[in-house]
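# Working through the structure, step by step
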Amino acid sequence: RPRVLSGIQPTSGSFHLGNYLGAVRQWVDLQEANDAFYMVVDLHAITVEQDPAALRQNSRISAAQLLGAGLDPERCTLFLQSHVPEHTQLAWVMNCLTGFGEASRMTQFKDKSLKQGADRTTVGLFTYPVLMVADVLLYQAQAVPVGEDQRQHLELTRDLAERFNTRYGKTFTVPEPYILKATAKIQDLQDPAAKMSKSAASDKGLINLLDAPKTSAKKFKSAVTDTDTVVSYDEANKPGVSNLLRIHSALSGMSIEQLVAHFEGKMYGALKTELAELFTDWVTPFQTRVQGYLDDPAELDRVLALGADKARAVASETLAEVYDRVGFLAPK
Ligand code: AQP
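The following refers to the structure shown. Since the structure is predicted, the reported quantities are computational estimates derived from the model, not experimental observations.

### Considerations on the packing of helix 4 (residues 86–95) against helix 7 (residues 123–138)
- Their axes nearest at 8 Å, the elements helix 4 and helix 7 cross at an angle of 115°. The interaxial crossing formed by helix 4 with helix 7 has right-handed handedness. Residues E86, H87, T88, L90, A91, M94 and N95 of helix 4 touch helix 7, and the partners they reach there are T127, V130, L131, V133, A134, D135, L137 and L138.
- Classifying every residue of the contact of helix 4 with helix 7 by side-chain character gives nine nonpolar, four polar and two charged.

Here's what the structure looks like:
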């Protein structure tokens, strides 16, 4: 079975709708026909300052959300990144293969470091993409389901895999991004030009999966649209409405064409109200399932321990081969 791998940060506890539609939903689908590895990337989370107790709790909450969204530990390998030390070990090797200029071109780093200022930006944030390269290559993943914002990091992953293979002999599978166009970039409800992101200046346009459904319903109802009234799909001129239509389509399963016909003669308010209901209907049982997993932390820890064992079995094999190829003398 083809191997897939992806990860999600436990940074703020609740995932947002962009994380879910852009990535996690695909993870659930892909676990059926693939040998899937999914992780909560807590090592990535500390590239910005974290409160230790909150990080620990958010890692559990993240795992619970992944299970609540439909990941099945019988069908996929679910683990915490910090439980598998090979990630940082391979990252070091890949750091030594990455050009400084090459790493400096990563737009996510440029954006985030600009926002934070040089004094608050860590070297960890700078090398974040290289850790992600290691995450993917350790498992010899063929496909990596992510949102559009990760495309550049996956290009780097492919470049470094090829560079290593050329220099040391074929070792790594060169992975392909798995990015579904329809949901690859969910936009902020208040600022449709920006992607929905937990680090936005205001959370008014951010739909958190663990917020009270009423709070999210209100956010849908006050989403920014435009001065026109006709519900139609036009990314350039109607980015707000188009974003709402994409979210509706993802949650309802109706195509954009069907939705445009469905809302003919109705105004934006009807779209927003329906979307708020649709989301509430999906998120309410999701939250109940998440709470169920959180109520049983021992079971959650058992699932993660099992996942870590399965992940390490694969990761240690790749790392041993890499160490050998690079020329490290094996311990006797
Ligand atoms: N708006 C989005 N639309 C579609 N996919 C998205 N993803 C993130 N935002 C969107 C995808 O979610 C997965 C997990 O992302 P992450 O753990 O890297 O979280 P993130 O990118 O840190 O999320 P944020 O909210 O964007 O955080 P900040 O603001 O800190 O950067 C990934 O596959 C990602 O593509």
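### Digging into the site of the ligand
- In the region of the ligand, 22 residues are neighbours, and D149, K195, S197, K198 and S199 sit closest.
- Residue D149 places a side-chain N or O atom 2.4 Å away from an oxygen atom belonging to the ligand.
- Between the ligand and S197 there is a distance of 2.3 Å, counted from an oxygen atom to a side-chain nitrogen or oxygen.
- With the chains in place, 95% of the 640 Å² that the ligand exposes on its own is no longer accessible.
- Take the shell around the ligand: its biggest share by element is four residues, from helix 1 (residues 17–30).
- Here the residues of the shell around the ligand sort into seven nonpolar, 10 polar and five charged.

### Focus on the pattern of salt bridges
- Across all of its chains, the model carries 15 salt bridges by this definition.
- The salt bridge partner of D301 is R60, with a shortest N-O separation of 2.8 Å. With D301 in helix 13 (residues 297–326) and R60 in helix 3 (residues 52–69), the pair connects residues that are 241 residues apart, well separated along the chain.
- D301 gets classed as partly exposed once you look at its relative accessible area, which sits at 32%.
- According to the relative accessible area criterion, R60 is partly exposed, its value standing at 28%.
- A salt bridge links R151 to E148; the shortest N-O distance between them is 2.8 Å.

### Re helix 4
- When we look at burial in helix 4, the residues that qualify are E86, H87, L90, A91, V93 and M94. Across the axial projection of helix 4, the buried residues extend over an arc of 160°, all falling on one side.
- Close packing links the buried residues of helix 4 with strand 2 (35–40), helix 2 (42–45), strand 3 (76–80), helix 7, helix 8 (151–168) and helix 13.

Scoring rules and cut-offs
Residues numbered from 1 in each chain as written. Predicted model: local features only at pLDDT ≥ 70, side-chain atom pairs only at ≥ 80, totals over all residues. Heavy atoms only, no water. Axes fitted to C-alpha atoms, helices over the stretch in contact; angles between N-to-C directions. Helix = DSSP H or I, 4+ residues; strand = E, 2+ residues; numbered from the N terminus. Left-handed = near helix turned anticlockwise from the far one by under 90°. Contact = heavy atoms within 4.5 Å. Nonpolar A, V, L, I, M, F, W, Y, C, P; charged D, E, K, R; others polar. Near = heavy atom within 4 Å. Polar contact = N/O pair within 3.5 Å; in protein donor to acceptor, adjacent residues only side chain to side chain. Areas by Shrake-Rupley, 256 points an atom, 1.4 Å probe, with all protein chains shown as cover. Salt bridge = Lys/Arg side-chain N within 4 Å of Asp/Glu carboxyl O. Buried < 20%, exposed > 50% of the residue type's maximum accessible area, 1.4 Å probe, protein only. Arc of directions from axis to C-beta.

Scope: geometric values only; no functional claims are made or implied.
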